[in-house]
Amino acid sequence: MSKINLKNRDFLKLLDFTPEEIEYLIDLAAKLKAMKKSGTPHKFLEGKNAALIFEKTSTRTRCAFEVAAHDLGMGTTYLNPTDSQIGKKETIADTARVLSGMYEGIEYRGFGQEIVEELAEYASVPVWNGLTNEFHPTQILADFLTVKEHFGKLKGINFVYIGDCRFNMGNSLMVGGVKMGMNITLCSPIKYQPHMDYVNECRDIAEETGAKLRFARDPYEAVKNADVIYTDVWVSMGEPIEVWEERISELKDYQVNKKLMDAAPATCVFMHCLPAYHDLKTEVGKEIGERFQMDAIEVTNEVFESSQSIVFKEAENRMHTIKAVIAATLVDNIDELCK
Ligand code: CP
Ligand code: NVA
């Protein structure tokens, strides 16, 4: 029987979890995925409800929480970025206590990590982080489930993240990578490296887990032995539109294109948390692409659509891994129910 029990725990950032607990959530997601694929019912949370607070927009995270909760038998309430009282007429602390009286779990997507931490402090039910400026922990579970499905392991995988390493994805992949004993390379100009507090904490974790953490400037050198090349948008939600000019000029050499993929082994895969500016078919992609004379931003369409790209498997895994987080934190005896 598993010794790991995450019942009633918050899921705010991977720094709060041991490598064994993270692996446990990934493996639970794989079991729940198999149950879903085989049509095995798993409505373990019938009659329970979850509040889904989104102060920023979303496709994957919202849909993943809604479908996962529904598959588990739960009801959901979606609170959108404009219609609730949160922050405007009601504090986070009061919101936490109100929602705790009606719901068994609360998801929060928004700005500073301190907001979701405060929500969790005042809530008496589990709080799940659906993305903050600093961390996107449910994304990492999906990414690592996808890597494990593809390569059969996490430990020792050469994982290269390229682009803006200072925001939620760079921070979270660095933490997740060192926790899971991966060889994680963050490749960017020095200005785009994660905050030194996180780097120092991750260096300590790497010493314990045997992970290798390195920072690279030259993308071609960085990807030489890469199993995975991962990137994210160069301008994140909540950042002002004015920063695009600076980002394009400072990160244009870090675009993931065919030449870069070809500098890695042929077995290397491409990953991206999505949404991605891989062509000019979106409003923002078109505006920025035309303004800076680019036909794609952080990744070219050729790479995005290539056989090395596993981005849609990764997107599907958002749902299975979020289901694992909800189930592990709310269901009694989840291991007995998912064998
Ligand atoms: N990857 C991700 O979090 O996507 P959404 O912004 O669509 O939720
Ligand atoms: N860094 C991106 C991630 C989106 C899933 C953002 O915060 O907008």
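Remember, predicted model here, so these are calculated numbers, not experimental data.

Re the nonpolar core
The nonpolar side chains of soluble globular proteins are, as a tendency, buried together.
So, point 1. Within the largest apolar cluster, 67 residues are counted, with the highest numbers of intra-cluster contacts made by Phe144, Phe159, Leu173, Tyr230 and Ile326.
So, point 2. Leaving out residues up to four positions away in the same chain, Tyr230 has contacts with Gln139, Asp143, Phe159, Val160, Tyr161, Ile162, Met169, Leu173, Met271, His272, Cys273 and Glu314.
So, point 3. Judged by nonpolar contacts, the second largest core, of 33 residues, contains Tyr192, Val223, Ala264 and Ile297.

Topic: the sheet that holds strand 9 (residues 269–272)
So, point 1. Read across the open sheet, the five strands follow the order 7-6-5-8-9; overall the sheet is parallel. Unpaired on one side and paired on the other, strand 7 (212–216) and strand 9 mark the two borders of the sheet. Along the sheet, successive strands turn relative to each other by an average axial angle of 20°, direction set aside.
So, point 2. As judged from the five bridges shared by strand 6 (residues 183–187) and strand 7, these two strands associate in the parallel manner. Note that in strand 7 the partner of Leu186 across the bridge is Phe215.
So, point 3. Packing against the sheet, helix 5 (residues 137–151) makes contact with strand 5 (158–162), strand 8 (228–231) and strand 9, and its axis sits at approximately 165° to strand 9.
So, point 4. On top of the sheet, helix 6 (residues 168–179) reaches strand 5, strand 6, strand 7 and strand 8; it is set at about 160° to strand 6, its chief contact.

Comments concerning the environment of Glu250
So, point 1. With respect to the secondary-structure elements, Glu250 resides in helix 9 (residues 243–251).
So, point 2. Residue classification places Glu250 among the partly exposed positions, given a relative accessible area of 28%.
So, point 3. Counting along the chain gives 70 residues from Glu250 to His320, while the straight-line C-alpha distance between them is 36 Å.
So, point 4. When sequence neighbours within four positions are dropped, the list of residues in contact with Glu250 reads Pro189, Lys191 and Tyr192.
So, point 5. Looking at Glu250, its side chain comes within polar contact range of the side chain of Tyr192, at 2.4 Å.

A closer look at the packing of aromatic side chains
So, point 1. One pass over the structure, following the stated rule, counts nine aromatic pairs.
So, point 2. Centroid distance Tyr161 to Tyr230: 5.9 Å. Interplanar angle 45°. Geometry classified as tilted. Separated by 69 residues along the polypeptide, Tyr161 in strand 5 and Tyr230 in strand 8 bring together distant segments of the chain.
So, point 3. The class for Tyr161 is buried, based on a relative accessible area of 0%.
So, point 4. Note on Tyr230: relative accessible area 0%, which makes it buried.
So, point 5. Relative to Phe312, the ring of Phe304 has its centre 5.7 Å away and its plane inclined at 90°; by these criteria the two rings are edge-to-face.
So, point 6. On the basis of relative accessible area, Phe312 is assigned to the exposed category, the value being 53%.
So, point 7. Positioned above the aromatic ring of Phe17 is the side chain of Arg9, whose terminal nitrogen or guanidinium carbon lies 4.4 Å from the ring centre.
So, point 8. Cation over ring: Lys56 sits above Phe111, and NZ or CZ is 4.8 Å from the ring centre.

Some remarks on the site of ligand 2
So, point 1. The environment of ligand 2 is formed by Leu131, His136, Phe167, Asn168, Asp232, Val233, Ser236, Met237 and Leu274.
So, point 2. Ser236 places a side-chain nitrogen or oxygen 2.7 Å from a nitrogen atom of ligand 2.
So, point 3. A distance of 2.8 Å is found between an oxygen atom of ligand 2 and a backbone nitrogen or oxygen belonging to Met237.
So, point 4. Contact with the protein chains hides 94% of the accessible area of ligand 2, taken as 270 Å² for the molecule alone.
So, point 5. When atoms are counted within 2 Å of each cavity's grid points, the one that captures over half of ligand 2 is the largest pocket.

Description of the site of ligand 1
So, point 1. In the region of ligand 1, the neighbouring residues are Ser58, Thr59, Arg60, Thr61, Arg109, His136, Gln139, Cys273, Leu274 and Arg318.
So, point 2. Contact between ligand 1 and Arg109: an oxygen atom at 2.9 Å from a side-chain N or O atom of the residue.
So, point 3. In isolation ligand 1 exposes 260 Å². Once the protein is present, 95% of that is buried.
So, point 4. With respect to the pocket detection grid, ligand 1 is positioned in the largest pocket.
So, point 5. For the shell around ligand 1, the per-class residue count stands at two nonpolar, five polar and three charged.

Each value, and the rule that gives it
Residues numbered from 1 in each chain as written. Chains lettered and ligands numbered in written order. Predicted model: local features only at pLDDT ≥ 70, side-chain atom pairs only at ≥ 80, totals over all residues. Heavy atoms only, no water. Core = buried A, V, L, I, M, F, W, Y, C linked by side-chain atoms within 4.5 Å. Buried < 20%, exposed > 50% of the residue type's maximum accessible area, 1.4 Å probe, protein only. Contact = heavy atoms within 4.5 Å. Pairing = 2+ DSSP bridges. Helix = DSSP H or I, 4+ residues; strand = E, 2+ residues; numbered from the N terminus. Axes fitted to C-alpha atoms, helices over the stretch in contact; angles between N-to-C directions. Polar contact = N/O pair within 3.5 Å; in protein donor to acceptor, adjacent residues only side chain to side chain. Phe/Tyr/Trp six-rings, centres within 6.5 Å; stacked < 30°, edge-to-face > 60°. Lys NZ or Arg CZ within 6 Å of the ring centre and 35° of its normal. Near = heavy atom within 4 Å. Areas by Shrake-Rupley, 256 points an atom, 1.4 Å probe, with all protein chains shown as cover. 1 Å grid on protein atoms, 1.4 Å probe; cavity = no way out; pocket = protein on both sides within 12 Å on 5 of 7 lines; lining within 4 Å. Sits in = over half its atoms within 2 Å of the grid points. Nonpolar A, V, L, I, M, F, W, Y, C, P; charged D, E, K, R; others polar.

Any link to function would need more than the numbers given here.
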